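Chain by chain, the residues:
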Amino acid sequence: VQLQAFGGGLVQAGGFLRLSCVVPGRTMAAYVMGWFRQALNKEREFVATISRAGTVRDYADFVKGRATISRDNAKNTVNLQMNSLKPEDTALYYCAAGQGVTGQTVTDINWYDVWGRGTQVTVSS
């Protein structure tokens, strides 16, 4: 089952976007969720992660203070609010899921075993 990420688009520097990801047909509360991104000709990198109940969050240094990850387990949805966007935030953004334990967050891309197709974020200067 693939995750469904959406909400990307073209935005000017300094603007904001809210990305969302739906986990269809699964009990999302069992999963640690993460957001990753991949810019052109670069490796995929960690952006943010949230624990199963949403009580613990972790962010990459380059988005700290500009991004908020949240989840609604009743709606099987995880969100990534990104503010003060910069041209270097331009990338394809992916959500990912992995079965974890209470309070766990994971920044390791190789740990996640369920991925979405990605949604493109383009930030113009």
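Quick summary incoming for the structure in this document. (Residues numbered from 1 in each chain as written. Predicted model: local features only at pLDDT ≥ 70, side-chain atom pairs only at ≥ 80, totals over all residues. Heavy atoms only, no water.)

1. Re the sheet that holds strand β3 (residues 17-22)
Stated formally: Only when DSSP finds a minimum of two bridges between them are two strands counted as paired. Helical segments are the DSSP runs of H or I of at least four residues, strand segments are the runs of E of at least two, and each set is numbered from the N terminus. As a rule, the C-alpha atoms of each element are fitted with a line to give its axis, helices using only the stretch in contact, and angles between N-to-C directions run from 0 to 180 degrees.
The four strands lie next to each other as β1-β3-β8-β7, forming an open sheet whose pairing is antiparallel. For this open sheet the edge positions go to β1 (4-6) and β7 (67-72), each flanked by a neighbour on one side alone. Between one strand axis and the next, the sheet turns through 15° on average, direction left out of account.

2. Things to note about the pattern of salt bridges
Heads up, the rule is: A pair is scored as a salt bridge if a Lys or Arg side-chain nitrogen falls within 4 Å of a carboxyl oxygen belonging to Asp or Glu. Burial classes follow relative accessibility: with a 1.4 Å probe on protein chains only, a residue under 20% of its type's maximum area counts as buried, one over 50% as exposed, and anything between as partly exposed.
Counting across every chain of the model gives four salt bridges. Between Arg37 and Asp89 there is a salt bridge, with the nearest N and O atoms lying 2.9 Å from each other. Of the two residues, Arg37 sits in strand β4 (residues 31-38) while Asp89 sits in the loop between β8 (77-82) and β9 (91-99), which places them 52 residues apart along the sequence. The buried category is assigned to Arg37, whose relative accessible area is 6%. Measuring nitrogen to oxygen at the nearest pair gives 3.3 Å for the salt bridge that ties Lys64 to Asp61. On the accessibility criterion, Asp61 (65% relative accessible area) is exposed. Within this structure, Arg37, Glu45, Arg66 and Asp89 form a network of salt bridges that share partners.

3. Some words on the environment of Met82
Note the threshold: In what follows, residue pairs with any heavy atoms lying within 4.5 Å of each other are defined as contacts.
Inspection of the secondary structure assignment puts Met82 in strand β8. You can call Met82 buried: its relative accessible area is 3%. Through-space distance from the C-alpha of Met82 to that of Lys64 is 9.9 Å; in sequence the pair is 18 residues apart. Sequence-distant contacts of Met82, that is, excluding residues within four places in its chain, are made with Gly15, Phe16, Leu17, Val63, Arg66, Ala67, Asp89 and Tyr93.

4. Notes on the pairing of β3
Strand direction decides the pairing type here: β1 and β3, joined by three bridges, are antiparallel. Bridging across to β3, Ala5 finds its partner in Cys21. When β3 meets β8, the two strands line up antiparallel, connected through six bridges. Each residue of the ladder has a partner; that of Val22, found in β8, is Thr77.

5. Description of the pairing of β7
Residues Ala67, Ile69 and Arg71 of β7 are buried on one face, while the alternating residues Thr68, Ser70 and Asp72, pointing to the opposite face, are not. Following β7, the chain reverses through four residues before pairing antiparallel with β8; Asn76 in that reversal takes a positive phi of roughly 55°.

6. What to know about the side chain of Asp89
For Asp89, a relative accessible area of 1% corresponds to the buried category. Leave out the neighbours within four places in its chain, and Asp89 touches Arg37, Arg66, Met82, Ser84, Val121 and Val123.

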